[in-house]
Amino acid sequence: MRNPLNKQYLREFKKDSFKYILIMIFLTIMIGTTSGQLVGAGSIDDNYHDGHIKYKLEDGQFILENKLPKKSIKKIQKKDVTIYNEFYKEKKEDNETTYRIYNIKDREKVNKCDILSGRFPKTTKEISIDRVYAKRNNLKIGDKIKINKRKYTITGFSAMVNYSALFKDNKSIVFDSIHFTPALVTDKEYKKIKLRNHYKYVWRNKNDLSKAETNKLAEKLAKRIYKNMELLSSIIHRYDNNAIRFAGDDFKKDTASLTYFMVIFLILLSLIFRASIKNNIQSDSKTIGTLRASGYSKSELRRHYLVIPLLVSLLGGILGNILGYTVVKDIITRLYYNSYSLMPYHTVWNAKALLLTTGAPLIIMFIINYITLILIMRNGPSNFLRNEIFKRRKAVPLKLSPKLRIFTRIKIRTILDNKSIYSLIIVGIIISNVLLIFGLSILPIVDKHAEKVKKNKIANYEYTLVHPVETKDKKAEKFAIRELVGRNDETVTIYGISPKSKYLKNASIKRGEVLISNGYVEKFDIEKGDTLTFKQKYKSKEYKFKLTKTYEHPSFFAVFMDIRDFRKTFKEDKDYYNGYFSNRKLKDLKSKDIALTVTGKDLAALTEQINEAMKGINTTFVFATLVIYMIMVFLLSKLVIEKNTTNISMTKVLGFHPKEINRLFNSPTRIVVIFGILISLPVSTAIEQVIMISMIRKMDGWFTPYIPMKIYPLTFALFFVSFEIMSFILRRRTSKISLSSALNSPE
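Residues numbered from 1 in each chain as written. Predicted model: local features only at pLDDT ≥ 70, side-chain atom pairs only at ≥ 80, totals over all residues. Heavy atoms only, no water.

## Thoughts on the overall build of the chain
From N to C terminus, the chain includes 22 helices and 21 strands. When the backbone C-alpha atoms are referred to their principal axes, the chain occupies close to 100 × 60 × 45 Å. Per-residue burial over the chain gives 52% buried out of 747 residues. Looking at charge distribution, the chain has the averaged site of its 128 positive side-chain charges lying 5 Å from that of its 69 negative ones. (Helix = DSSP H or I, 4+ residues; strand = E, 2+ residues; numbered from the N terminus. Buried < 20%, exposed > 50% of the residue type's maximum accessible area, 1.4 Å probe, protein only. Lys, Arg positive; Asp, Glu negative; His and termini not counted. Charge placed at Lys NZ, Arg CZ, Asp CG, Glu CD.)

Spelled out as structure tokens, the structure:
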């Protein structure tokens with residue numbers, strides 16, 4: 001004999017079809033986004049790591065002031081590594097673009113390149129540039145560009161395996177694909193370029209080594225280099241090189257964050273289903289009691305109430321994966337390819353993505369609802385028949401003052417009777433507000449940082465010299481500079497400042513004192529009087545400084561001291577300097593004498609790059625958050641109406657006007673939503689601060705967490721307007737409840 005309960009499935013689905021369709025949409029969006037991220041980022045990540053082998057990625061690099069003699073190369077290599085030349089010439093043009101020009105011949109054995117459009121240069125005055133830079137600057141194949149007063153024809157857009165993220169140097173907080181591009185020219189053209197050679201060498205390990213082993217090898221190489229060549233500008237292995245590792249780290253972080261959010265929302269959705277099942281059981285309690293008395297087992301009834309939630313979850317998972325593999329995957333990969341200089345990729349089937357995005361929803365949905373059903377089904381048939389399944393003890397109703405208006409008392413009773421559902425609404429609002437504030441705060445944080453950088457820049461021009469060179473400009477001020485590493489191997493710039501400096505505003509540095517940038521102090525929770533230790537990378541020599549004061553220097557981490565103390569600390573000559581501060585360009589300095597020039601425009605480029613990278617993402621993020629919030633609030637508000645169907649019907653029988661019914665049963669939800677939004681503002685802000693600080697601390701550099709006050713009225717308005725849209729639909733559903741519902745109720 002067929003189970004008559006099976007006939008109920010279609011009937012129950014039709015009865016609440018709108019609710020189940022909304023849940024399915026919710027699941028499809030969440031699972032589709034996560035699946036698309038897992039498949040898209042996973043495919044790119046596989047291609048990214050395969051490319052390291054295919055294109056013979058370096059294991060590390062070092063830059064010297066002078067060219068290495070062949071004998072020294074052999075002494076440094078020994079049996080551990082093979083060293084290759086990868087010299088480059090660099091020119092910063094008036095459009096603020098820095099062109100880093102490589103000889104294509106040097107990339108035949110290591111750090112190979114791929115051409116994505118066009119072709120590699122074949123003759124002089126031809127050049128290939130980075131694809132992402134070209135896109136950001138609207139350049140096309142065949143266009144002309146001028147570098148060092150020499151015109152070049154762009155023949156192709158390339159990608160270099162050691163420049164997946166366009167970091168100009170490793171201490172930069174963010175990559176810059178707007179103002180920086182590596183470029184390739186022929187061997188003949190490279191020799192014709194009249195610019196200073198940067199003696200960069202790269203090495204490949206002869207054996208496969210882990211990160212820890214590579215770090216130890218880099219220390220050995222540094223010692224060998226110092227032994228054979230005194231002037232080592234920098235040395236870094238691939239695992240610490242932002243230009244190589246940043247993109248791969250980003251794929252993993254984004255995927256992990258999105259997966260966490262999916263699990264949180266799935267748990268919330270399961271709780272919504274739990275509340276819905278409890279509502280359905282309460283309305284069907286007499287039927288269940290009759291079935292139990294007729295011999296139906298608890299397991300049969302549990303299965304019956306689990307089927308629809310699991311089917312909806314399964315369909316949502318299937319539709320979400322279809323959406324993820326077809327639409328979202330392409331959106332995700334497009335976003336990554338717009339930001340990073342990556343090689344071509346092909347989609348890789350991801351079994352983990354399918355298991356996580358289809359299996360996880362079913363497991364979470366099953367566990368939460370199965371436990372709920374076990375607890376409910378412990379009631380005997382008589383409890384179901386008397387509709388006493390949720391009454392553990394005699395309820396003592398809250399005494400309300402008779403002075404309160406009748407409408408007010410009914411609203412309070414409605415809120416108290418539905419407190420579990422309303423609690424879920426408040427939790428959902430808090431989660432949604434955390435996401436909304438995050439989306440709305442990204443660009444203000446960057447803008448605030450840029451404003452502070454602009455306000456606190458030391459000079460319009462900051463020149464770091466290859467060696468001391470005099471200038472005729474009397475307003476230029478000498479300084480000394482050196483880079484060390486501090487906590488978490490963060491690069492810290494040490495400045496030796498002239499006494500009574502005209503450029504270091506609001507700072508008075510006494511002999512024996514050091515000023516440390518406030519960003520470093522904030523990031524590592526350093527207090528006044530603490531002793532800070534810095535060292536030169538891959539050297540055992542340590543330098544200790546005691547924190548006496550902080551200095552507002554948001555551009556990068558820095559330590560400021562009297563130049564006389566600098567010379568003493570680093571054992572330099574009494575007249576040593578290697579840089580100039582100036583508010584105007586020093587035209588008498590030759591390019592061959594300048595190691596690095598930092599201008600105010602370079603600092604502003606940071607904001608431009610981040611704004612460009614985030615363009616459209618924050619809007620999409622905010623829109624997606626609001627859609628999820630609207631669906632969630634609608635589903636929970638609908639449960640309140642379903643639970644109060646008899647009461648709503650009774651008020652109609654008694655002749656209440658539709659507006660009055662709305663005031664009685666929809667207004668309490670509005671009150672709870674407004675309360676939820678207001679309480680979510682401080683709670684979400686506190687959670688947001690923790691999340692932001694945690695994220696920023698994992699980055700190089702420091703952004704001070706900042707949530708502008710104008711965001712709060714905006715979030716309130718967005719949530720309230722979204723609720724009113726849902727409330728309009730709910731009023732229509734309330735108006736469709738018939739008078740017969742009250743008359744059919746035995747109560």
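## A word on the environment of Ile23
Tracing the chain through its elements places Ile23 in helix H2 (residues 17-54). Judged by its relative accessible area of 1%, Ile23 falls in the buried class. Between the C-alpha atoms of Ile23 and Val427, which are 404 residues apart in sequence, the distance is 18 Å. Once you skip the residues sitting within four places of it in the chain, Ile23 turns out to touch Leu269, Phe273, Val312 and Leu635. (Contact = heavy atoms within 4.5 Å.)

## Section: the packing of helix H7 (residues 242-283) against helix H13 (residues 419-455)
Here H7 crosses H13 at 160 degrees, and the two axes come no closer than 11 Å. The angle between H7 and H13 places the two elements in the roughly antiparallel class. Crossing hand, H7 versus H13: left-handed. Residues Phe261, Ile264, Phe265, Leu268, Leu271, Ile272 and Ala275 of H7 form the contact with H13, whose participating residues are Ile421, Leu424, Val427, Gly428, Ile431 and Leu435. For the contact of H7 with H13, a count of residues per class yields twelve nonpolar, one polar and no charged. (Axes fitted to C-alpha atoms, helices over the stretch in contact; angles between N-to-C directions. Parallel < 35°, antiparallel > 145°, perpendicular 65-115°, else oblique. Left-handed = near helix turned anticlockwise from the far one by under 90°. Nonpolar A, V, L, I, M, F, W, Y, C, P; charged D, E, K, R; others polar.)

## Details of the pairing of strand E3 (residues 88-92)
Bridging between E3 and strand E4 (residues 98-103) involves five bridges; their strand directions are antiparallel. Residue pairing in the sheet places Lys89 in a bridge with Ile101 of E4. (Pairing = 2+ DSSP bridges.)

## Brief notes about the packing of aromatic side chains
Across all of its chains, the model carries 39 aromatic pairs by this definition. Measuring from ring centre to ring centre gives 6.1 Å for Phe251 and Tyr340, while their planes differ by 90 degrees; the resulting arrangement is edge-to-face. Taken as a pair, Phe251 in helix H7 and Tyr340 in the loop between helix H9 (298-339) and helix H10 (351-376) lie far apart in primary sequence, 89 residues in all. Neither Phe251 nor Tyr340 differs from the other in exposure class; each is buried. Joined through ring pairs, the aromatic side chains of Tyr48, Phe167, Phe175, Phe246, Phe251, Tyr336 and Tyr340 make up one cluster. (Phe/Tyr/Trp six-rings, centres within 6.5 Å; stacked < 30°, edge-to-face > 60°.)

## A look at the nonpolar core
Within the largest apolar cluster, 92 residues are counted, with the highest numbers of intra-cluster contacts made by Tyr520 and Tyr629. No other element matches the 14 residues that helix H17 (residues 617-643) contributes to this core. Tyr48, Tyr163, Tyr201 and Trp203 belong to the second-largest nonpolar core, a separate cluster that totals 68 residues. (Core = buried A, V, L, I, M, F, W, Y, C linked by side-chain atoms within 4.5 Å.)

## A short note on the pattern of salt bridges
Overall, the coordinates contain 21 salt bridges when judged by the stated rule. One salt bridge in this structure joins Arg100 and Glu90, with 2.5 Å as the shortest N-O distance. Remark: Glu90 occurs in strand E3 and Arg100 occurs in strand E4; sequence separation between them is ten residues. We classify Arg100 as buried; its relative accessible area is 7%. Relative accessible area serves as the criterion here: at 22%, Glu90 is assigned to the partly exposed category. We note a salt bridge from Asp473 to Arg584, for which the minimum N-O separation is 2.8 Å. Pair noted here: Asp473 is in the loop between strand E12 (461-465) and strand E13 (477-485) and Arg584 is in the loop between strand E20 (579-582) and strand E21 (594-599), with a separation of 111 residues, a long-range link. (Salt bridge = Lys/Arg side-chain N within 4 Å of Asp/Glu carboxyl O.)

## Quick look at the side chain of Thr464
By the element assignment, Thr464 lies in strand E12. The exposure class of Thr464 is buried, given its relative accessible area of 14%. With near-sequence residues (within four places) excluded, Thr464 lies in contact with Ile481, Asn578, Gly579, Ile594, Ala595 and Leu596.

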